[in-house]
Amino acid sequence: LGLTWLRYTISDIARIANVSKATVSRVINNKSEGVSEETAQRIRKIINELGYRPNTLARSIVNSKAKMLGLVIPDITNPFFPQLVRGIEDYANSCGYTVFLCNSDNDPKKEERYLLSLIDKRVDGVILASASSHSSILDQMNNYKIPFVIVDRPLNNESVDLCVYANNYNVVYAAVEHLIRSGHKRIAFLGGTKNVITTNERYEGYKNVIKDANIPLRKSLIRFGDYSIISGAEMVESLIENNTDFTAIMAGNDLIAIGAVKTLKKRGIRIPEDCEIIGFDGIEIAEIFDPSISTVVQPVYEIAVESAKLLLGKINGEITSPRKIIVEPTLVLRTTTRNNTP
Ligand code: RIB
C-alpha cells in the first residue's frame, strides 16, 4: 500500500491522543496550563510522529495574531527591487513578521488581484511599490483597516498617508546640470514606464534644468520605454535611426543606461568621448559593468527599512499621523562621464 501524503488536522491529533481539540491547541500554543505534563508529552509525541504542522493561517484567524505583512513590487527581475525586498524583509523578520512577496510584473491588474488577496488573508499590513500612478484598492484596504505604506513609487491617491521614496526631481536636475556644465547642449532623456510618477518626476527634473540653462527642449531627444536593458538599447537605436544629434544621455534607470551602452558600442560610438551617460538606481551591475556606469545611487536599503518601520509603527499604534519621507539620492560619477567631480 503506497504511502499517501496525509494532511493531518488538529482533530486527528485530538482523536489519536483521546483528548479535546482545545487541549491539543493549548499544547501547540505552549499554553498547556490545566494539561498534565504526561498528556502534553503524549500529544507532542503524536504531533512529531505524524509530522503535523499547525495551519498558521487558520490560527491567525482564531488568534488574530497573524504577524504577516504583504509586499507588492512591480518587477522582481530588476535588481533594484530585490534590494528593496531585502531591507523590508530584514526589518520585518527582526520584529517577528513573515513577509508575503507579490510580484505584479508591472501589471496594474495583477497588482490589484494581489492586493485583494492580501486583504482576504487579513495580513497585518501592506507595503506597495506600484506598477501605476494610482491604486483603486487602497480605499478597500482602509475599509478593512489594513495599514499600508507606499514605497519607492509615489501614488496620487488621496488616502496615502505613509510613504517613503527618493527625491527623483532634484537629483536628475543636478545630474543633467552636471552634463550641461561639461558643455553638452544636446542631452537625450531615456525615460522608463510612463504611467508611474517616478518617471514623470525624473522627466520634470530633466526638462526644467534644460529650460533653466536656456537650452531648447527638443522632443527629438526624448524617449520613453520601460525600466529594462532592451528598452534602453531600443531607445538609443531610435535616436540613431532618426539621425538625432546627441552627445549625452540621462537614463531613467541603470538598466536603460546599460542597454544604451550596448547599442552605442555596437554602433562604434565611444563612451565617454563621443557620448556621456548617467543612469539611476545604483544597482551593483552598473558599477561592475564595462564601462562602469555613472549613476544616481538610491539608498535602497534605507528606504526599504524606513518603509517597514513606518508600517510596523502604524500597526503598533505608535504612528498616528501622516508621514512622508523623501530621501536624497547621490550622484556618483564613474567612467561613462568624462570629468569625475560632480
Ligand atoms: O529601476 C526601476 C525603477 O523603478 C527604479 O528607479 C525605482 O525607483 C523604481 O521606481
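The sections below set out a description of the structure shown in this document. If you're wondering where the values come from, they're calculated on a predicted model, not measured in any experiment.

### Observations concerning the packing of aromatic side chains
Consideration 1: Applying the stated rule across the entire model yields seven aromatic pairs.
Consideration 2: Ring plane angle 35 degrees and centroid distance 5.1 Å describe the contact between Phe189 and Tyr206, whose orientation is recorded as tilted. Here Phe189 is found in strand E6 (residues 187–191), whereas its partner Tyr206 is found in helix H9 (residues 197–212), with 17 residues between them in sequence. Residues Phe189 and Tyr206 agree in their burial class; the two are buried.
Consideration 3: Cluster of aromatic residues (ring-pair linked, three or more members): Phe189, Tyr203, Tyr206 and Phe224.

### A closer look at the pairing of strand E8 (residues 248–251)
Consideration 1: Neither face of E8 is open: one carries Ala248 and Met250, the other Ile249 and Ala251, and all of them are buried.
Consideration 2: Summarising the sheet, E6 and E8 pair through four bridges and their orientation is parallel. Note on E8: the bridge partner recorded for Leu190 is Ala251.
Consideration 3: Here E8 runs beside strand E9 (residues 276–281); their pairing, made up of three bridges, is parallel. When the bridges of E9 are listed, Ala248 appears paired with Glu276.
Consideration 4: Between E8 and its parallel partner E9, the chain crosses via helix H11 (residues 254–266), and the hand of that crossover is right-handed.

### Quick word on unusual backbone geometry
Apart from glycine, the bulk of residues carry a negative phi angle, and the bulk of peptide bonds sit in the trans form.
Consideration 1: The linkage connecting Ile271 with the following residue, Pro272, adopts the cis geometry, with an omega of 5 degrees.
Consideration 2: That bond from Asp290 to Pro291 is cis: its omega, 5 degrees, falls within 30 degrees of zero.
Consideration 3: Of note, Pro291 is situated in the loop between helix H12 (284–288) and strand E10 (294–297).
Consideration 4: Phi at Arg122 is positive, roughly 50 degrees, even though this residue is not glycine.
Consideration 5: Residue placement: Arg122 occurs in the loop between helix H6 (108–120) and strand E3 (125–128).
Consideration 6: When its relative accessible area of 46% is taken as the criterion, Arg122 is described as partly exposed.
Consideration 7: Within the chain, Asn243 stands out as a residue other than glycine whose phi angle is a positive 50 degrees.
Consideration 8: Relative to the assigned elements, Asn243 resides in the loop between helix H10 (229–241) and E8.

### With respect to the nonpolar core
Consideration 1: With 74 residues, the main nonpolar core has Leu84, Val176, Tyr206, Phe246, Ile249 and Ile277 as its most contacted residues.
Consideration 2: The contact partners of Ile249, leaving out residues within four places of it in the chain, are Leu179, Ile187, Ala188, Leu190, Val236, Ala260, Leu264, Cys275, Glu276, Ile277 and Ile278.
Consideration 3: Among the nonpolar cores identified, the runner-up in size contains 19 residues, and Ile119, Val123, Ile137 and Cys163 belong to it.

### Some details on the sheet that holds E8
Consideration 1: Spatial ordering of the open sheet is given by E7-E6-E8-E9-E10-E12, a layout of six strands whose pairing is mixed. Of all the strands in the sheet, the pair left with one neighbour each is strand E7 (222–224) and strand E12 (330–332). Neighbour-to-neighbour, the strand axes of the sheet open up by a mean angle of 15 degrees, direction not taken into account.
Consideration 2: The sheet contact formed by E6 and E7 spans three bridges and is parallel. Pairing of Phe189 across the sheet is with Ile222, part of E7.

### Observations regarding the packing of helix H2 (residues 21–28) against helix H3 (residues 37–50)
Consideration 1: Where H2 meets H3, the closest approach of the two axes is 10 Å, and the angle between their N-to-C directions is 85 degrees. Taken together, the axes of H2 and H3 lie roughly perpendicular to each other. Taken together, the residues of H3 that come into contact with H2 (itself represented by Thr23, Val24, Val27 and Ile28) are Thr39, Ala40, Ile43, Arg44 and Ile47.
Consideration 2: Residue composition of the contact of H2 with H3, grouped by class: six nonpolar, two polar and one charged.

The rules behind these values
- The residue numbers shown here count from 1 along each chain, following its written sequence.
- Local features are withheld for residues below a pLDDT of 70 in this predicted model, meaning they are given only at 70 or higher, and side-chain atom pairs are given and counted only at 80 or more; totals for whole chains, interfaces and linings count all residues.
- Hydrogen atoms and water are omitted, and side-chain values are computed over all heavy atoms in the structure.
- Each pair of aromatic rings taken from Phe, Tyr and Trp, with Trp reduced to its six-membered ring, is defined by centres within 6.5 Å and is described as stacked if the planes are under 30 degrees apart, edge-to-face if over 60, and tilted in the remaining cases.
- Secondary structure is summarised from DSSP: a helix means a run of H or I of at least four residues, a strand means a run of E of at least two, and numbering begins at the N terminus for each.
- Using a 1.4 Å probe on the protein chains alone, a residue whose accessible area is under 20% of its type maximum counts as buried, one over 50% counts as exposed, and one in between counts as partly exposed.
- Strands are treated as partners if at least two bridges between them are detected by DSSP.
- A clockwise path from the first strand over the helix to the second, with the strands pointing away from the viewer, defines a right-handed crossover.
- In plain words, nonpolar cores are sets of buried Ala, Val, Leu, Ile, Met, Phe, Trp, Tyr and Cys residues tied together by side-chain atoms within 4.5 Å.
- Any two residues whose heavy atoms approach within 4.5 Å are treated as being in contact.
- An axis is simply a line fitted to the C-alpha atoms; with a helix, the fit covers only the stretch in contact. Between two such axes, the angle follows the N-to-C directions and lies from 0 to 180 degrees.
- Roughly parallel here means an angle under 35 degrees, roughly antiparallel means over 145, roughly perpendicular means 65 to 115, and every remaining angle is called oblique.
- Residues were grouped as follows: Ala, Val, Leu, Ile, Met, Phe, Trp, Tyr, Cys and Pro as nonpolar; Asp, Glu, Lys and Arg as charged; and all remaining residues, including Gly, as polar.

Everything listed is a geometric property; what it means functionally is a separate question.
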